[in-house]
Amino acid sequence: TCFKLIEEEQGQPLQRVSLGLLGRLVSLALVDMSQISHHNELKCPDVSALRAMFLQETFCRDFGNALVFDHREDSSVGGGHGAQWSSGVEEIIRDATSNLSRRTLFPFNRTSQKSRTFKVQHSQLIESILLAIGHDNAKTASCFLLKQAKELVASPPSEDQRNQQVTSAEIFGGCARALIQYSNTDDERNVIWETMLLPFLDEAVVKMPTDFLAAFYDACRYGIHHFPPSYFFPLLKWSVTKVQNTLWQHEVNEDVEESNGAASAMSDRFALQGKWLLIFQAVLVELDSEDDPGAAVCKLPWYSGIFMGNEDIKDTSTVTPTEIELGQSWKYVNDHLTPCLTNALGHPYDKCRDHIASCLFRMCYVQRKFINTYKALGNENGSQSSDDPDPGIEIMNKLGSIRDSDKYSFKEKNRALGTARKFVSCCIHWGDAKHEYSEFIIPLLPLAFKSLQTIEGEASPEDRGIEADLVKGYRYAISDISSSCVACYGVSNDLTLVLDVLKEMSSHDYWQIRQATAHFLRCFQGAHKFLFTEKQDEMSLSIAISLLADERREVSTAATSTLTGILAVFPQAALEELVSKYIKIANKSLKKKKRKKPPTEVSTEESEIAATKEKARSVRQQKSVFLLCAVVMGRPYDTPVFVPEALAALSKHSFEQRASLSVREIVKMVCSEFKRTHTDNWEAHRKQFTQEQLEALEDVVSTPHYYA
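Procedures and definitions
- Residues numbered from 1 in each chain as written.
- Predicted model: local features only at pLDDT ≥ 70, side-chain atom pairs only at ≥ 80, totals over all residues.
- Heavy atoms only, no water.
- Helix = DSSP H or I, 4+ residues; strand = E, 2+ residues; numbered from the N terminus.
- Buried < 20%, exposed > 50% of the residue type's maximum accessible area, 1.4 Å probe, protein only.
- Contact = heavy atoms within 4.5 Å.
- Areas by Shrake-Rupley, 256 points an atom, 1.4 Å probe, with all protein chains shown as cover.
- Salt bridge = Lys/Arg side-chain N within 4 Å of Asp/Glu carboxyl O.
- Expected span 1.5 Å × (residues − 1).
- Arc of directions from axis to C-beta.
- Core = buried A, V, L, I, M, F, W, Y, C linked by side-chain atoms within 4.5 Å.
- Phe/Tyr/Trp six-rings, centres within 6.5 Å; stacked < 30°, edge-to-face > 60°.
- Lys NZ or Arg CZ within 6 Å of the ring centre and 35° of its normal.
- Axes fitted to C-alpha atoms, helices over the stretch in contact; angles between N-to-C directions.
- Parallel < 35°, antiparallel > 145°, perpendicular 65-115°, else oblique.
- Left-handed = near helix turned anticlockwise from the far one by under 90°.

S.K.: How should the overall build of the chain be read in this particular structure?
M.R.: The secondary structure content of the chain amounts to 30 helices and zero strands. For the chain, the residues scored as buried account for 49% of the 708 residues in total. For the chain, the proportion of contacts with a sequence separation of at least 24, taken over those separated by at least 6, is 79%. Accessible surface, the chain: about 34,800 Å² in total, of which carbon and sulfur atoms supply 50%.

S.K.: Explain the pattern of salt bridges to me, please; I cannot follow it from the model alone.
M.R.: Side chains that differ in sign of charge can pair as their charged atoms come close. Counted by the stated rule, this structure contains 24 salt bridges. A salt bridge links Asp-70 to Arg-16; the nearest nitrogen and oxygen atoms lie 3.0 Å apart. Placement of the pair is Asp-70 in the loop between helix 4 (57-68) and helix 5 (89-98) and Arg-16 in helix 2 (residues 13-36), with a sequence separation of 54 residues. When the shortest N-O distance is used, the salt bridge between Asp-354 and Lys-422 registers 2.7 Å. Linking Asp-354 in helix 16 (residues 350-376) with Lys-422 in helix 18 (residues 410-430), this pair joins segments that are 68 residues apart in sequence. For Asp-354, a relative accessible area of 24% puts it in the partly exposed group.

S.K.: For this particular structure, what's the right way to read the side chain of Lys-422?
M.R.: By relative accessible area, which is 13% here, Lys-422 ends up buried. Not counting residues within four places of it along the chain, the set of residues in contact with Lys-422 comprises Asp-350, Arg-353, Asp-354 and Ala-357.

S.K.: Which parts of the structure should I look at to understand helix 21 (residues 492-505)?
M.R.: Owing to its 3.6 residues per turn, the α-helix brings residues three or four apart onto one side. The first and last C-alpha atoms of helix 21 sit 20 Å apart over 14 residues, in line with the 20 Å expected at 1.5 Å per residue. Along helix 21, the positions that sit buried rather than exposed are Asp-494, Leu-495, Val-498, Leu-499, Val-501, Leu-502 and Met-505. For helix 21, the arc enclosing every buried residue in end-on projection is 155°, short of the 170-degree limit, so these residues lie on one face. Where the residues of helix 21 are buried, they touch helix 19 (435-450), helix 22 (511-528) and helix 23 (534-546).

S.K.: Can you walk me through the environment of Asn-65 in this structure?
M.R.: Inspection of the secondary structure puts Asn-65 in helix 4. Along the sequence, Asn-65 and Leu-152 sit 87 residues apart, while their C-alpha atoms lie 8.8 Å from each other. Once residues within four sequence positions are removed from consideration, Asn-65 is found in contact with Gln-148 and Leu-152.

S.K.: Can you help me understand the nonpolar core in this one?
M.R.: Across soluble globular proteins, nonpolar side chains have a tendency to be buried as a group. If you look at the biggest cluster of nonpolar residues, it comprises 195 residues, and the most contacted ones within it are Leu-50, Phe-63, Phe-216, Phe-423, Tyr-437 and Phe-449. A total of eleven residues in this core trace back to one element, the largest contributor, which is helix 12 (residues 260-287). Sequence-distant contacts of Phe-449, that is, excluding residues within four places in its chain, are made with Ile-478, Val-501, Leu-502, Met-505, Ile-513, Ala-516, Thr-517 and Phe-520.

S.K.: Hey, could you run me through the packing of aromatic side chains in this one?
M.R.: One pair of aromatic rings is described through two measures. These are the centre distance and the angle between the planes. This model, assessed by the stated rule, comprises 20 aromatic pairs. Aromatic pair Phe-54 and Phe-59: ring centres 5.2 Å apart, planes at 85°, arrangement edge-to-face. Like Phe-59, Phe-54 is buried. Taking 5.5 Å as the distance between ring centres and 10° as the angle between the ring planes, the aromatic pair formed by Phe-172 and Phe-200 counts as stacked. With Phe-172 in helix 8 (residues 161-182) and Phe-200 in helix 9 (residues 186-207), this residue pair connects regions lying 28 residues apart in the sequence. Assessed through its relative accessible area of 0%, Phe-200 is described here as buried. Note that Arg-177 overlies the ring of Tyr-222, its terminal NZ or CZ placed 5.4 Å from the centroid. Lying over the aromatic face of Phe-227, Arg-177 brings its terminal NZ or CZ to 4.5 Å of the ring centre.

S.K.: Explain the packing of helix 9 against helix 10 (residues 214-224) to me, please; I cannot follow it from the model alone.
M.R.: Relative orientation and spacing of two packed helices are given, respectively, by the angle between their axes and the distance between those axes. At a closest axis distance of 12 Å, the pairing of helix 9 and helix 10 adopts a crossing angle of 165°. Taken together, the axis directions place helix 9 and helix 10 in an arrangement best described as roughly antiparallel. The two elements helix 9 and helix 10 cross, and the hand of that crossing is left-handed. Touching Trp-193, Phe-200, Leu-201 and Ala-204 of helix 9 are Phe-216, Cys-220 and Ile-224, all from helix 10.

S.K.: Would you mind going over the environment of Cys-364 with me for this structure?
M.R.: In this fold, Cys-364 is placed in helix 16. Classification of Cys-364 as buried rests on a relative accessible area of 3%.

The following block contains the structure:
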């Protein structure tokens, strides 16, 4: 009945229900087959009807079309009208979909599926069918299914085109996984890859639109998921070769811009490069062995102990041959692709730069984990010899030297810096808390700050616009690091390294970098306040205070906000001492009234000395006043003893004859804000003030009378 409905009810809900019924029956048959070896009295399930149908090319074609219609309709084509079904049909179809295959934990990795259209259940269904009908029959059926998949991936534009192309990827994923499981030796697997799977990918990836290529990314991952590296080494080698042969490479003094027809051809070529890079990423993700120990080294996953007794759990504390294969796979990747990818940092195509940054991160991330795993097992050098270069070091050196390099043109340097920013973003969102922060983010932090400065040299308005977008991106990256990365893994020296970078950037000539430093310090100090040592607390406080006297108002304002957060959690005794110290500095830095003297000639040297003294006085005044303002702003709900003293000292700097405009404005703003936040319980708060202190506060916040 299932077969008849699949053949005849094309595109109908009944056909989708029959797929669910077929999936349930195949799953039950596989369960029975798996139990035969343990229970001799059980009979092997009869799958002759299933075998006979899938040895017919016409049925395989109908089956592939049924999988196409088992997707949601493409609402972006044909007006986006929903299906007109009777009541309850949608629930029936949903139940049928849940019966297509058994539950799976795929991808069981922090890197989830890329395609929302790709249905893992379809690949599982195909895999189950091929495993049920036997080895030789599975090869024949796979040939029919892959032939149908080639036609689907090349389907013309229509409302079903997306579903047809995604179905071709689902067919590939199921066939690949089943055929690999049938292969018992490396030679058999290599033959399967070389004769059936890789030729299909060669043709399908080129025809697949970039928008839907994520389906093949998921299909490749599913096809090799939980297999040792040797099982899919031909796929790894093939993808590396494709990237190596097609990827754009930097050439010295090359800055030729294509136009018209040549530009269109270049765009097509770049789109193809992006496809190969995406497929290569899928292989890299499945080489990752630490997130899921069973993925690449054939160890038992962490949850296996729940279902197995202690006697069934084997010792995994020694290096296995599979782990040696993993090391060989990574050595092949590093030897062939590290120079190629690092030489393409300035790629003209933004999507390719995204893929290049992702690949570089994967190579650093997994290689580092691979080496650490071997060290934990007692093999200090892993499977590599001590002479083999660490790709992470090479990649970091290349990224860190982009800004100072003179081999890039203006436009290409901006592109390469954009790739470095994407690499940092990958470290933030995909990496672990410890190693990525320590080994990748902190070394690239100076580059992130310096990239806020415009690059010197002649450039067109278009190039300057690209540079402005780059600066904006780095602002986002810096804020992401300050708020998302918490160094809570017990290495205090990393916090000191970050503070050293901030101290260096706080004295940079470019004011935007100093402003970004103040904003970064505010978030960084807030996230790590309870992890700081006393020395680190003093260091963060000194950086914030040094920025208070900045000549740029934007920087001093940002530093005041930072200092407000720092002082809000400062110890009471230390804060009283700090306020007392800076009240004295503020009082001494007031402008003195000039006495009337007869005009006399002043030498140039004397005028320079006077200007230097006045500048030093102005710096002391701004620093002390802004610090006292930060103290007051950090107490919006209470009034400690030192706050009235600080307000009384600040009121002296609200007059035109005694302070600059920026100082007067912040004093008036802080006093008004203090009065506003304490209005509700003002009667209780005013008891902390003396009459003289109250009058000083009122002189600042009260509006002058008309007759005054």
